[in-house]
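# Per-entry structural report
So you can see what is in the structure, the chains are spelled out below.
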Amino acid sequence: MKNFKIQLLLFAAIAFAVSSCKKDDPDNTKPTIDSVLEPLENDTLFSGTELHIDGTVSDNEELSQLKIDIHSAGDGHDHGKVSSASFFEVIRIIDLAGRNQIFHEDIDIPQEAAAGKYHVILTAVDASGNQSDFVERDIVIRNSGDLLSPTITVNSPTSAGIYTLGSPIVVSAELADNIGLGDVEVKVYQGSTLVYDEDLELAQPSYSLNLEIPTTGWGAGEYTLEILVKDQVNNLSDADIEFTLN
């Protein structure tokens with residue numbers, strides 16, 4: 001009987017030790033964003049409306065937070081500003097609880113939001129600090145105050161034109177917008193190699209673009225002229241002209 005009691009106490013001690021070890025085991029399992037119902041990839045939304053963010057998230061033990069990060073997906077060539085519009089940026093933290101949760105968040109898109117592509121990035125965090133893999137949706141915002149993109153009429157060089165290597169290429173184009181032009185980029189590529197890059201900042205409804213681009217030191221072959229024009233709320237137009245240098 002005495003041996004049985006000793007064995008029982010020993011078993012209880014072992015069970016307690018195992019239980020304590022299990023409680024001390026760290027939680028290294030990251031939560032999961034199981035679904036994102038809204039926004040859909042490449043959704044088009046308008047300034048002055050709402051962006052709806054809906055989905056589900058889960059964790060093996062306990063959820064803590066959902067981070068929402070919204071920012072412009074532009075190439076950064078706006079010199080930190082857009083003349084009469086601002087890029088839409090949001091960082092929002094939502095508290096979560098339990099192992100499974102449906103999330104729904106309405107985010108106002110400002111009336112003055114600049115047009116363009118934006119990233120919506122979602123990341124979940126559990127109570128142990130583990131972060132989920134992020135989920136990204138790209139959306140397009142149109143500025144409801146100005147839905148018209150600039151116009152570009154290229155006079156020179158001509159498409160499929162052949163020009164003399166070593167002589168300047170004359171770039172002539174008429175640019176216009178219903179409200180006001182913004183940034184202009186003029187680029188020339190040989191294949192995927194950028195050989196010329198000119199940036200202009202404008203603030204008028206129309207502009208006659210005239211540039212002489214030197215070709216000294218360039219190689220013979222096919223080239224692409226690219227003109228990108230943004231207006232005051234970041235609506236974008238572009239024109240590509242292919243030509244040859246011999």
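Preceding block: the structure.
We now turn to the structure provided with this report. (Residues numbered from 1 in each chain as written. Predicted model: local features only at pLDDT ≥ 70, side-chain atom pairs only at ≥ 80, totals over all residues. Heavy atoms only, no water.)

A cis amide bond, omega -5 degrees, links glutamate 38 with the succeeding residue proline 39. Structurally, proline 39 is set in the loop between strand 1 (32–38) and strand 2 (43–46). With an omega of 0 degrees, the peptide bond running from serine 156 to proline 157 counts as cis. By the element assignment, proline 157 lies in the loop between strand 9 (151–156) and strand 10 (161–163). We note that asparagine 42 has phi near 65 degrees; this positive angle belongs to a residue other than glycine. For asparagine 42, the position within the fold is in the loop between strand 1 and strand 2. The phi angle at asparagine 234 is positive, at roughly 85 degrees, despite the residue not being glycine. On the secondary structure map, asparagine 234 appears in the loop between strand 15 (221–231) and strand 16 (236–245). The class for asparagine 234 is buried, based on a relative accessible area of 9%. (Helix = DSSP H or I, 4+ residues; strand = E, 2+ residues; numbered from the N terminus. Buried < 20%, exposed > 50% of the residue type's maximum accessible area, 1.4 Å probe, protein only.)

What follows covers the sheet that holds strand 13 (residues 193–201). Strands sit in the order 10-16-15-12-13 across an open sheet of five strands; the sheet is mixed. Two strands bound the open sheet, and with one partner strand each, they are strand 10 and strand 13. Going from strand to strand, the sheet's axes swing by 25 degrees on average, the running direction of each strand aside. (Pairing = 2+ DSSP bridges. Axes fitted to C-alpha atoms, helices over the stretch in contact; angles between N-to-C directions.)

Read across the open sheet, the three strands follow the order 1-3-6; overall the sheet is antiparallel. In this open sheet, the two strands that pair with only one neighbour each are strand 1 and strand 6 (100–108). Direction aside, the axes of adjacent strands within the sheet are offset by 20 degrees on average. Across five bridges, strand 1 lies against strand 3 (residues 50–58) in antiparallel orientation. Bridge pairing in strand 3 places valine 36 opposite glycine 55.

So, on to a negative patch on the surface. Negative charge collects at one region of the surface, where Glu38, Glu50, Asp106 and Asp108 lie side by side. With respect to the helices, strands and loops of the structure, aspartate 108 is situated in strand 6. On the basis of relative accessible area, aspartate 108 is assigned to the exposed category, the value being 55%. (Patch = residues over 30% accessible without salt bridge, like charges linked within 9 Å, V, L, I, M, F, W, Y side chains within 5 Å. Areas by Shrake-Rupley, 256 points an atom, 1.4 Å probe, with all protein chains shown as cover. Salt bridge = Lys/Arg side-chain N within 4 Å of Asp/Glu carboxyl O. Lys, Arg positive; Asp, Glu negative; His and termini not counted. Charge placed at Lys NZ, Arg CZ, Asp CG, Glu CD.)

Sheet topology note: the strand 12 (residues 181–190)/strand 13 ladder contains eight bridges and is antiparallel. Looking across to strand 13, one finds that aspartate 183 is bridged to glutamate 201. Where strand 12 folds back on strand 13, the antiparallel hairpin that results is connected by two residues, among which glycine 191 adopts a positive phi of roughly 65 degrees.

With that out of the way, let us pick up the packing of aromatic side chains. Two aromatic rings are characterised by how far apart their centres lie and by the angle between their planes. Inspection of the entire model under this criterion finds four aromatic pairs. Look at tryptophan 218 and tyrosine 223: their rings are 5.2 Å apart centre to centre, the planes differ by 25 degrees, and that puts the pair in the stacked class. Owing to a relative accessible area of 16%, tryptophan 218 belongs among the buried residues under this scheme. Pairing tyrosine 223 with phenylalanine 243 gives two aromatic rings, centres 5.8 Å apart and planes at 15 degrees, and the pair type is stacked. A residue pair is termed long-range when its members are at least 10 positions apart, and tyrosine 223 in strand 15 and phenylalanine 243 in strand 16 qualify at 20 residues. (Phe/Tyr/Trp six-rings, centres within 6.5 Å; stacked < 30°, edge-to-face > 60°.)

Right, let's get into the pattern of salt bridges. Across all of its chains, the model carries four salt bridges by this definition. Note that lysine 30 is salt-bridged to aspartate 133, the shortest N-O span being 2.8 Å. Of this pair, lysine 30 sits in the loop between helix 1 (2–24) and strand 1 while aspartate 133 sits in the loop between strand 7 (116–126) and strand 8 (135–142), placing them 103 residues apart in sequence. For lysine 30, a relative accessible area of 41% corresponds to the partly exposed category. Overall, the relative accessible area of 52% leaves aspartate 133 in the exposed class.

Now for the environment of glutamate 41. Assignment of secondary structure puts glutamate 41 in the loop between strand 1 and strand 2. Each C-alpha atom of the pair glutamate 41 and arginine 137 lies 5.2 Å from the other, and the pair is 96 residues apart in sequence. The contact partners of glutamate 41, leaving out residues within four places of it in the chain, are Glu136, Arg137 and Asp138. A distance of 3.1 Å separates a polar side-chain atom of glutamate 41 from the backbone nitrogen of aspartate 138. (Contact = heavy atoms within 4.5 Å. Polar contact = N/O pair within 3.5 Å; in protein donor to acceptor, adjacent residues only side chain to side chain.)

Now for the side chain of aspartate 138. Positionally, aspartate 138 belongs in strand 8. It is lysine 117 that comes nearest to the buried, bridge-free aspartate 138 among opposite-charge side chains, at 4.7 Å. If we ignore the near neighbours within four places in the chain, the residues touching aspartate 138 are Leu40, Glu41, Asn42, Asp43, Lys117, Tyr118 and His119.

Everything listed here is a matter of geometry and, on its own, says nothing about what the molecule does.
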